[in-house]
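# Residue-level structural notes
Each chain, letter by letter, is given below.
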Amino acid sequence: MVQAPAALTVNQLSRLRDAFGGEIVTPADDGYDEARRLWNAVHDLRPAVVVRPTTTDEVATAIRFARDHDLVLAVRSGGHSACGHSSCDGGLVVDLSRMRGVTVDAERRIAKANGGALLGELDVAAQAHGLVCPVGVIGHTGVAGLTLGGGVGRLQRHFGLTIDNLLAVELVTADGRVVRANATEEPDLFWGIRGAGWNFGIVTAFEFGLHPFGPDLHRGVRIYPASVAREMFDVFREYAAEAPDTVSAIYGINRAEPVAEYPESVAGQPIVIVAFNHSGRADAVEADTAGLRRGTEPVSVSGGSQPYLEVQTAHDLALGWGRRSFIKSLYADGVRPEAVDELVELVATGPAEASFSVTSQGGAIARVDEDATAFTGRAARFDLSADTSWDDAADDEANRAWVRRAMAIVEADATEGRYSNGNSDEGPAETRAFYGDAKVVRLAQLKRAWDPENVFRLNHNVAPAEG
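## Brief notes about empty space enclosed by the protein
Counted according to the given criterion, the structure contains one cavity of 30 Å³ or more. If you trace the largest cavity, you find it lined by Gly149, Gly195, Phe375, Thr376, Arg418, Ser420, Phe434 and Tyr435. Residue composition of the lining of the largest cavity, grouped by class: three nonpolar, four polar and one charged.

Right under this line is the structure:
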């Protein structure tokens, strides 16, 4: 049975309308179901009210109203939170979708993205000047959510995490103040924003440094039978250790579904996929990726060059709104051979869309000091991830269980840190795994200074330090 959202009184709504100039959506309004809808259909949440500010002052008004009425406060940019943090039951959602837009100063190589901007907007605005900011891989993801958790995607080995290119933010705090944070203004806050930023306020503007790039990204995909999973992981691991920064390589264990899209020899069976994105010169691709061509001959090879903007939106429909999903990840320096075997067996009997992947890190990511930002895990060689998507709510637990089982297989390989945006589970233990003990202590002290009442708690939350 769907639980009805808590209702605000007529007087409370009247006071909100008097103070707030933006759009207000309540359960009584025709647009309510669309307003509460999230990218991941697993999260069927019913807030008491959704507000859509158009200015920083309106954001501050919304925060004060939530505090004054003891409402849980959720912040929504793109609505992609893996945990469903973009909404809530019975609380107030600050929906930043009326605060989109990106401007670029091409001469200074700086982009300013408003708090509700989407990755596709940033990509298009930067590429219009032959520039890029390394972001994620789905165009309709919010810039804010991706950035505040660190920001990984196709270009990070070349140009660093999204937060490594963040120059400044404009933030509305729990007490309604508007604060600018960068390397010299509120530097401690800026440290925490880069990796745990949802804990400290609502970011209404981001400034990013940009890099010359494009227009093409070079790509390759090689498919193997799962019988050579160990061998090809060894090839992948050895290559990743020597790969130039311009190459991001991925090793995946999937099932060859739908069968019509794969060679008959592997159709319907577990397969190994070894793929790369090359962000350097086209004439360097063959030499730079030669190490990935060692070992057994693949059953399928594809690749070529494609405009970066096309690559960035290639999965926007396949990973569109309305499906159910679950993901978990961790950082590691390798995967034990016996774990590779177990993962192949698990994929063979798991949901059709379930997959396990190992993505190379290093490069520009690792050259930033571990203590420079709240983000943790820069030294790890790989990001290990299991995920799946499905449509029927009756399959929720089976799919979640599969992902958790896959990650349990590689838990023994884990190093410190995990990518917060790549994890659907939440809670104190998860938060500690993301940041490590030392950074949790520092973040808790920062939280006490900026949000002592934990107003911004609907996130991978760090509780304020006591005393």
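## Considerations on the pattern of salt bridges
When charged atoms on two side chains of opposite charge get close, those side chains can pair. Applying the stated criterion to the full structure yields 34 salt bridges. Asp188 is paired through a salt bridge with Arg442; the nearest N and O atoms lie 3.7 Å apart. Taken together, the residues Asp188 in helix α7 (residues 187-196) and Arg442 in helix α13 (residues 428-450) connect sequence positions 254 residues apart. Residue Asp188 is classed as partly exposed on the basis of its relative accessible area, which comes to 46%. The partly exposed category is assigned to Arg442, whose relative accessible area is 33%. The residue Asp283 makes a salt bridge to Arg281 at a minimum N-O spacing of 2.8 Å. For the residue pair Asp283 and Arg281, the accessibility class agrees, reading exposed in each case.

## Concerning the layout of surface pockets
What the second largest pocket holds in volume is close to 230 Å³. Mapped onto the lining of the second largest pocket, the elements with two or more residues apiece are β12 (216-225), α9 (285-288) and β15 (300-307). Grouping the amino acids of the lining of the second largest pocket by side-chain chemistry returns six nonpolar, seven polar and four charged.

## Focus: the sheet that holds strand β18 (residues 382-390)
With antiparallel pairing, seven strands are arranged side by side in an open sheet as β15-β12-β14-β13-β17-β18-β16. Bordering the open sheet on either side are β15 and β16 (324-332), each of which pairs with just one other strand. Each strand of the sheet is rotated relative to its neighbour by a mean of 15 degrees, with strand direction disregarded. Where β16 and β18 come together, nine bridges link them in antiparallel fashion. Its bridge partner lying in β18, Tyr331 is registered against Asp383.

## With respect to the nonpolar core
Ranked by size, the top nonpolar core spans 54 residues in total, and within it Leu122, Val143, Leu189, Ile193, Phe206, Phe208 and Leu443 carry the most contacts. Ranked by the residues each element gives to this core, the list is headed by α13, at seven residues. Excluding anything up to four places from it in sequence, Leu443 contacts Trp191, Gly192, Ala196, Phe200, Ala374, Tyr435 and Val462. Counting residues in each nonpolar core, the second largest holds 44 residues, with Tyr224, Val235, Ile253 and Phe382 among its members.

## A short note on the pairing of strand β9 (residues 178-182)
The sheet contact formed by strand β8 (residues 166-172) and β9 spans five bridges and is antiparallel. Residue pairing in the sheet places Val172 in a bridge with Val178 of β9. In textbook terms, the turn of a hairpin is the stretch between consecutive antiparallel strands, and for β8 and β9 this stretch comprises five residues, one of which, Gly176, has a positive phi near 85 degrees.

## What to know about the packing of aromatic side chains
Considering all chains together, one arrives at ten aromatic pairs under this definition. Arranged with centres 6.3 Å apart and planes meeting at 55 degrees, the rings of Phe233 and Phe382 form a pair that is tilted. With a gap of 149 residues between them, Phe233 in helix α8 (residues 229-242) and Phe382 in strand β18 connect regions that are remote in the sequence. The class for Phe382 is buried, based on a relative accessible area of 0%. Taken together, the ring pairs connect Phe233, Phe236, Tyr251 and Phe382 into an aromatic cluster. Lying over the aromatic face of Trp191, Arg442 brings its terminal NZ or CZ to 3.7 Å of the ring centre.

Reading the values: rules and limits
- Residues numbered from 1 in each chain as written.
- Predicted model: local features only at pLDDT ≥ 70, side-chain atom pairs only at ≥ 80, totals over all residues.
- Heavy atoms only, no water.
- 1 Å grid on protein atoms, 1.4 Å probe; cavity = no way out; pocket = protein on both sides within 12 Å on 5 of 7 lines; lining within 4 Å.
- Points joined across faces, edges and corners; volume = space filled by probe spheres on them.
- Nonpolar A, V, L, I, M, F, W, Y, C, P; charged D, E, K, R; others polar.
- Salt bridge = Lys/Arg side-chain N within 4 Å of Asp/Glu carboxyl O.
- Helix = DSSP H or I, 4+ residues; strand = E, 2+ residues; numbered from the N terminus.
- Buried < 20%, exposed > 50% of the residue type's maximum accessible area, 1.4 Å probe, protein only.
- Pairing = 2+ DSSP bridges.
- Axes fitted to C-alpha atoms, helices over the stretch in contact; angles between N-to-C directions.
- Core = buried A, V, L, I, M, F, W, Y, C linked by side-chain atoms within 4.5 Å.
- Contact = heavy atoms within 4.5 Å.
- Phe/Tyr/Trp six-rings, centres within 6.5 Å; stacked < 30°, edge-to-face > 60°.
- Lys NZ or Arg CZ within 6 Å of the ring centre and 35° of its normal.

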